[in-house]
Amino acid sequence: KAREQREALLDKYNEQQNALLKNFEKKARAEKFALVQIQMGPYTKPDVLPIFDDKPVTFEGLAELVKAGKLTEKDVERLQKKYTELSKELAKIFKDNQKLQREKKAKLIELDREIIKPTIEENIGEIKSQFDHEKVTEYLDAVLEGILDHLDIFRMQPEEEGPASNLKRVKGRPDRTVLQEYRVNVLVDNSDKDRAPVIFENSPTFSKLFGTVERVMDGRGQWRTDFTRIRAGSFLMANGGYLVLNALDVLLEPGVYTTLKRVLKNRAAEITTFDPYMMFSITALKPEPIDVNVKVIMIGDPHLYQLLYLADDDFRKIFRIKAEFDSVMTNDAVNLLKYAEFIKMICDDQKLLPFDHSAVAEVAEYGVRVAGRQNKLSTRFSRISDLLREANFYAAEENAGMVKAKHVDKALQESIQRRNLAEEKIQELIKEGTILIDTEGARVGQVNGLSVLSLGDYIFGQPSRITAQVALGRNGITNIEREVELSGPSHDKGVLILSGYLQSKFAQDKPLSINASICFEQSYSGVEGDSASSTEIYALLSRLADLPIRQDLAVTGSVNQNGEIQPIGGVNEKIEGFYQVCKARGLTGTQGVLIPRQNVADLMLKNEVVNAVKEGKFAVYPVDRVEDGIELLTGLPAGQRDAGGKYPARSVYGKVDAKLRQYAEQLRMYMGYRE
């Protein structure tokens, strides 16, 4: 029926057009003119020519006939006048034909729309029923009108290759480039997900996070784009769910942090072209904003959080929930089981050899050591994972079926070997005597202190010689490191605490009349922390009492004004550092380290040190007070005041008190003599 309607319409207009031409042609023949087609370049044009001897003749030909005497000038003028009349009439007929052609085309288009529209409406209606959304309905209505207005591009095309476009059309199908505007650019497809999306963006550049409008260069060297090149970013992919970002990465990327805040405040994302390295980064496309509901989780260290919180008011308003994650967890049966489960998970995910019970125990022990306390386990699982992979390598190298404790231990030793060059160099200097450290005998006013050096990825302990000198005077205790600006505030505080301790012990019945100096010998890079304050007080007491200090013992621990020894950090590294020096010099069985008693719970020493302690070759002495330490270092009792407030003469404090009293008397006499 549709074909019949189309053919009837075509026949109707073709008949009208043919009738106009036939009537004109009949009239022209009656006037001795013929309707002809004249070639004008690649085109033809209808025209009329006079007939002579039953043949159409041009006016140039008529001029020749006049010369030949076959026509007169009057005949030519008459024909010229008639030609003008017929040409005007032909032009009018040509316009009428064009009008009929336009009417025919419009009627055909209208007929095609009437025929095709129900079919298209039916198909589009099915899509509308699946997506009950106002903007989708508006878009599909526009698609319907667009198709009906451009039905020609959907007609069957013959197979041909166009040299201009250099694109081959598929037989029976419209050119795909022609249908570009009817394509759908799906930005995000979460139809296969049964829960809210969780997106981890490890590289939060502007385009990856917020999307972009891509551009391509055509054959003429011009940049072009279209709506199919609009690309969504991680923010839209996480719409309705969660987006996890690294805070430092966000801050380092140009334009990302300010745009992130704007999107979160407005709850709308705009896809734009952003290229800070191009002079011009404009685009003719401006997609409308998209409503978003995304929970953004930024991960960073506490220092960065505090910096943003104090410096940016928007940060406080947008990121209102703060969650801190501890780097340690309780060392109990439940968490040890979870440690084992974590090891099993890594082995399964990364195709590692299974770990036997001894290897699991060794990994857990390493976790305790990293945590720094016996009752804690480290949650720095990246370090644990590195250890698992390296232990697996050494097990595979031996063709072992399982990873055992020896493989874990080898992985730890090899890891240390790759990073401990600085430690080896310092140990070498100590062994050669370049750095002066005594591990035998006794010296007055000289104590082996323990410090920790951090290289970022490696921490190790180093013994340092601390000395003290005293003289008559009123200046009190001078911290040489502070005077040359090589000490930090914590170390300065520790030295000042010594004055308070000495005053509480020895300046209740006399003035503290001394000039004392304390120094870290051969230290040129600065000192920080108060863990050497107990060491300094031992050196000072030794110098005042003129009692030698054992050099086979090293000391660590801070002290308060009451003489109580307080816990410090890095106790394992400090003990192991002094042990290595003693081992290089030769273990005598009397060597050891004094540590605060509270740090006993932190001890996770290497097996070598533990075995040396078990065999009596090395010792670790926990102390509670200064009195405990000075007794171990000098071999004399510290001394306690009697009812009269005096210390025993043969005690350490008795000798110190006597020296200070002597200084006070000498200073009084000296000042009286001067007056």
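As the structure is a prediction and not an experimental result, all values here were calculated from the model. (Residues numbered from 1 in each chain as written. Predicted model: local features only at pLDDT ≥ 70, side-chain atom pairs only at ≥ 80, totals over all residues. Heavy atoms only, no water.)

Enquirer: Got a minute to help me understand the sheet that holds strand 11 (residues 242-246) in this structure?
Expert: Whether parallel or antiparallel, the strands of a sheet pair through hydrogen bonds between backbone atoms. The strand order across the open sheet formed by three strands is 6-11-14, and the pairing between neighbours is parallel. Every other strand in the sheet has two partners, leaving strand 6 (198-200) and strand 14 (295-299) as the edge strands with one partner each. This sheet shows a mean twist of 20° between the axes of neighbouring strands, independent of strand direction. (Pairing = 2+ DSSP bridges. Helix = DSSP H or I, 4+ residues; strand = E, 2+ residues; numbered from the N terminus. Axes fitted to C-alpha atoms, helices over the stretch in contact; angles between N-to-C directions.)

Enquirer: Looking at this model, I keep getting lost on unusual backbone geometry. Mind explaining?
Expert: The phi torsion of most residues other than glycine is negative, and most of the peptide bonds are trans. The residue K32 is not glycine, and still its phi comes out positive at about 65°. In this fold, K32 is placed in the loop between helix 1 (2-30) and strand 1 (33-40). Taking the relative accessible area as the measure of exposure, K32 reaches 56% and is therefore exposed. The backbone phi angle of R267 is positive, close to 55°, even though this residue is not glycine. (Buried < 20%, exposed > 50% of the residue type's maximum accessible area, 1.4 Å probe, protein only.)

Enquirer: So what exactly am I meant to see when it comes to the packing of helix 18 (residues 533-545) against helix 21 (residues 626-634) here?
Expert: Each pair of packed helices gets described by two things: the angle between the helix axes and the distance between those axes. At a minimum axis separation of 10 Å, helix 18 and helix 21 run at an interaxial angle of 60°. Viewed along their axes, helix 18 and helix 21 adopt a mutual orientation that is oblique. Between helix 18 and helix 21 lies a crossing whose hand is right-handed. Residues I537, Y538 and L541 of helix 18 form the contact with helix 21, whose own contacting residues are V626, G629, I630 and L633. (Parallel < 35°, antiparallel > 145°, perpendicular 65-115°, else oblique. Left-handed = near helix turned anticlockwise from the far one by under 90°. Contact = heavy atoms within 4.5 Å.)

Enquirer: Teacher, can you tell me more about the packing of aromatic side chains here?
Expert: Note on aromatic pairs: each is described by the distance of the centres and the angle between the planes. For the coordinates displayed, the defined rule picks out 14 aromatic pairs. With 6.0 Å between their ring centres and 50° between their planes, Y339 and F381 make a pair best called tilted. Within this pair, whereas Y339 is found in helix 11 (residues 333-349), its partner F381 is found in helix 13 (residues 381-397), the two being separated by 42 residues in sequence. Overall, the relative accessible area of 2% leaves Y339 in the buried class. Residue class for F381 comes out partly exposed when judged on its relative accessible area of 29%. An angle of 75° between the planes, with centres 5.3 Å apart, marks the rings of F393 and Y394 as edge-to-face. Y394 gets classed as buried once you look at its relative accessible area, which sits at 10%. Each member of the aromatic cluster is reached from another via a ring pair, and the members are Y305, Y309, F315 and F319. Here the guanidinium or amino end of R316 rests over the ring plane of Y309, the centre of that ring lying 5.1 Å away. (Phe/Tyr/Trp six-rings, centres within 6.5 Å; stacked < 30°, edge-to-face > 60°. Lys NZ or Arg CZ within 6 Å of the ring centre and 35° of its normal.)

Enquirer: Looking at this structure, I do not really get helix 9 (residues 302-311). What am I missing?
Expert: Three or four residues apart is the spacing at which side chains of an α-helix point the same way, because the helix has 3.6 residues per turn. Every buried residue of helix 9 is accounted for by L304, Y305 and L308. Along the long axis of helix 9, the arc covered by the buried residues comes to 100°, so they all point the same way. Across helix 9 from its buried face, at more than 90 degrees, point the exposed residues P302, H303, L310 and A311. On its buried face, helix 9 is in contact with helix 7 (247-252), helix 8 (256-266) and helix 10 (313-318). With a side-chain oxygen lying 3.2 Å from the backbone nitrogen of H303, the N-terminal cap of helix 9 falls on D301. (Arc of directions from axis to C-beta. Polar contact = N/O pair within 3.5 Å; in protein donor to acceptor, adjacent residues only side chain to side chain.)

Enquirer: In this structure, what is going on with the environment of T556? I would like to understand it.
Expert: Summarising the element assignment, T556 is placed in the loop between strand 23 (553-555) and strand 24 (558-559). Sequence separation between T556 and Y13 is 543 residues, and the spatial gap between their C-alpha atoms is 111 Å. If we ignore the near neighbours within four places in the chain, the residues touching T556 are L450, S531, S534, T535, I568, K574, L594, I595 and P596. Reaching out from T556, the side chain makes a polar contact with the side chain of K574 at a distance of 3.2 Å.

Enquirer: I keep staring at the environment of I416 and nothing clicks. Help me out?
Expert: Here I416 shows up in helix 14 (residues 405-419). It is 87 Å that separates the C-alpha atoms of I416 and K105, two residues lying 311 residues apart in sequence. The contacts of I416, once residues within four sequence positions are left out, are Y458 and K606.

Enquirer: How should I be thinking about a negative patch on the surface in this particular structure?
Expert: Among the surface-exposed residues, E4, E7, D11 and E15 lie close enough to one another that they form a single negatively charged patch. As for its placement among the helices and strands, E15 is situated in helix 1. By relative accessible area, which is 56% here, E15 ends up exposed. (Patch = residues over 30% accessible without salt bridge, like charges linked within 9 Å, V, L, I, M, F, W, Y side chains within 5 Å. Areas by Shrake-Rupley, 256 points an atom, 1.4 Å probe, with all protein chains shown as cover. Salt bridge = Lys/Arg side-chain N within 4 Å of Asp/Glu carboxyl O. Lys, Arg positive; Asp, Glu negative; His and termini not counted. Charge placed at Lys NZ, Arg CZ, Asp CG, Glu CD.)

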